[in-house]
Amino acid sequence: MTDTLADLVRSRLRDVADFPSPGILFKDVTPVLADAEVFGAVIRDMAQRRRGTVDVIAGIEARGFIFGAALALELGVGFVPVRKAGKLPGRTRGLTYDLEYGTATIEVHEDAFVAGARVLLVDDVLATGGTAEAACRLLEEASATVVAFETLVELAFLPGRARLAGHDVHATVVVT
Ligand code: AMP
């Protein structure tokens, strides 16, 4: 029997307990990236689902850059980084959102999108969904249209998917 893509990716995910803080089980994707066959299969799978439906990929700092940039090349479209505050050199548009403790700000270049550009948002892990939800809002405010969200891993015991209601959300691996 051949392994499904989800099985293959699961076999390459490394759980790291209590990182970056006590009580967090961190899903380390570096073994996926280190395996060219599995990494390539992930990108080709995301690409076949989205081909012809998006004009540009937006990746969330930092691991969303890795998957998003590879996917952009596979689809033959451009890539836009969604960065933490203060990292982009040009004129930016920002959005501040709540974390469990405190707030965070993300930014994109003000001229990153032509009006109505169909954007596929990409990250490695969908957890609480706070970051992805904020990124969707920011991109819409920057006059893009977020058509879908792709992630390698979804932590389905957290409310990430619900926070992205109205968007087409797909995860290669769903952790229950
Ligand atoms: P979220 O809680 O969905 O806003 O997650 C914020 C960011 O933290 C995402 O971009 C993920 O890459 C990362 N993240 C959150 N939880 C985990 C986890 N358990 N393992 C690995 N990365 C995580």
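Cut-off values and rules
- Here the residue numbers are simple positions, counted from 1 along each chain's written sequence.
- The predicted origin of the model limits local features to residues at a pLDDT of at least 70 and limits the giving and counting of side-chain atom pairs to 80 or more, whereas totals for whole chains, interfaces and linings rest on all residues.
- The basis for every side-chain value is the complete set of non-hydrogen atoms in the structure, without hydrogens or water.
- Grouping buried Ala, Val, Leu, Ile, Met, Phe, Trp, Tyr and Cys residues that are joined through side-chain atoms within 4.5 Å yields what is termed a nonpolar core.
- Classification of residues uses two cut-offs on accessible area relative to the type maximum, computed with a 1.4 Å probe and protein chains only: under 20% is buried, over 50% is exposed, and between them is partly exposed.
- Strands are runs of DSSP state E lasting at least two residues, helices are runs of H or I lasting at least four, and both sets are numbered from the N terminus onward.
- The criterion used for residue contact is that any of the two residues' heavy atoms lie within 4.5 Å.
- Think of it this way: one heavy atom of a residue within 4 Å of a molecule or strand is enough to make that residue near it.
- Polar contact is defined as a pair of N or O atoms within 3.5 Å, subject to the rule that within protein one atom must be able to donate a hydrogen and the other to accept it, and that residues adjacent in sequence are counted only when both atoms are side-chain atoms.
- Only the protein chains shown count as cover for residues, with accessible areas throughout obtained via the Shrake-Rupley method and a probe of 1.4 Å.
- A score between 0 and 100, pLDDT records how confident the predictor is in each residue.
- In what follows, salt bridge is the name for a side-chain nitrogen of Lys or Arg lying within 4 Å of a carboxyl oxygen of Asp or Glu.
- When DSSP locates at least two bridges between a pair of strands, those strands are taken to pair.
- Here the axes come from fitting lines to C-alpha atoms, over the contacting stretch only for helices, and the angles between their N-to-C directions go from 0 to 180 degrees.

J.: I keep staring at the nonpolar core and nothing clicks. Help me out?
T.: Where a protein is soluble and globular, its nonpolar side chains tend to be buried together. With 27 residues, the main nonpolar core has Val82, Phe113, Leu121, Leu139 and Phe149 as its most contacted residues. Only strand 3 (56-60), strand 4 (78-84), strand 5 (92-98), strand 6 (103-109), strand 7 (118-126), helix 5 (130-141) and strand 8 (145-155) provide two or more residues apiece to this core. For this core, the leading source of residues is helix 5, giving six residues. Look past the residues within four positions of Phe149 in its chain and what remains in contact with it is Arg50, Ile60, Leu120, Leu121, Val122, Asp123, Leu126, Ala132, Leu164, Asp168, Val169 and His170.

J.: How should the site of the ligand be read in this particular structure?
T.: As a structural note, the neighbourhood of the ligand is formed by 13 residues, with Asp123, Asp124, Thr128, Gly129 and Thr131 the closest of them. Within the side chain of Asp124, an N or O atom sits 2.6 Å from an oxygen atom of the ligand. Contact distances for the ligand include 3.0 Å between an oxygen atom and a backbone N or O atom of Ala127. Here the ligand, which alone exposes 480 Å², has 80% of that area covered by the protein.

J.: Before we go on, may I ask you to explain the confidence of the model for the chain in this structure?
T.: For residues with low pLDDT, the predicted coordinates do not support detailed interpretation. Of the residues in the chain, 99% reach a pLDDT of 70 or more, and the chain-wide mean stands at 97. Ranking the elements of the chain by mean pLDDT puts helix 6 (residues 160-163) last, at 96, and helix 4 (residues 63-75) first, at 99.

J.: What is the right way to look at unusual backbone geometry in this model?
T.: In terms of backbone geometry, most residues other than glycine have negative phi values and most peptide bonds are trans. The omega torsion across Phe19 and Pro20 is 0°, close enough to zero to call that bond cis. For Pro20, the position within the fold is in the loop between strand 1 (14-17) and strand 2 (25-28). For the peptide bond that leads from Glu61 to Ala62, omega is 0°, which places it in the cis range. Along the chain, the position of Ala62 falls in the loop between strand 3 and helix 4. Here the phi dihedral of Asp18 falls at roughly 60°; this positive angle occurs in a residue that is not glycine. In this structure, Asp18 sits in the loop between strand 1 and strand 2. One non-glycine residue, Ser143, lies in positive phi territory at about 70°.

J.: Explain the pattern of salt bridges here, please?
T.: Two side chains that carry opposite charge are able to pair once their charged atoms sit near each other. Evaluated as defined, the whole model comprises 15 salt bridges. Note that Asp7 and Arg10 form a salt bridge whose closest N and O atoms lie 3.5 Å from each other. Taken together, the residues Asp7 and Arg10, both in helix 1 (residues 5-12) and three residues apart, mark about one turn of the helix. Here Arg49 makes a salt bridge to Asp45, at a shortest N to O gap of 2.9 Å. Remark: Asp45 and Arg49 occur in helix 3 (residues 36-50); sequence separation between them is four residues, near one turn of the helix. Given a relative accessible area of 25%, Arg49 falls into the partly exposed group. Among the ionic contacts, a cluster of salt bridges with common partners joins Asp45, Arg49, Arg50, Glu150 and Asp168.

J.: Is there a simple way to explain the sheet that holds strand 3 in this structure?
T.: Neighbouring strands of a sheet are bound in pairs by backbone hydrogen bonds; such pairs are parallel or else antiparallel. Overall, mixed pairing links the seven strands, which are arranged 5-6-4-3-7-8-9 in an open sheet. The two strands at the open ends of the sheet, each matched to only one other strand, are strand 5 and strand 9 (168-175). Taken pair by pair, the neighbouring strands of this sheet meet at an average axis angle of 20°, ignoring direction. Pairing geometry for strand 7 and strand 8, over eight bridges, is parallel. Paired with Val122 across the strands is Glu150, a residue of strand 8. Sitting on the sheet, helix 1 is in contact with strand 8 and strand 9, with an inclination near 60° to strand 9. Sheet contacts for helix 4: strand 3, strand 4, strand 7 and strand 8; angle to strand 7, the most-contacted strand, approximately 140°.

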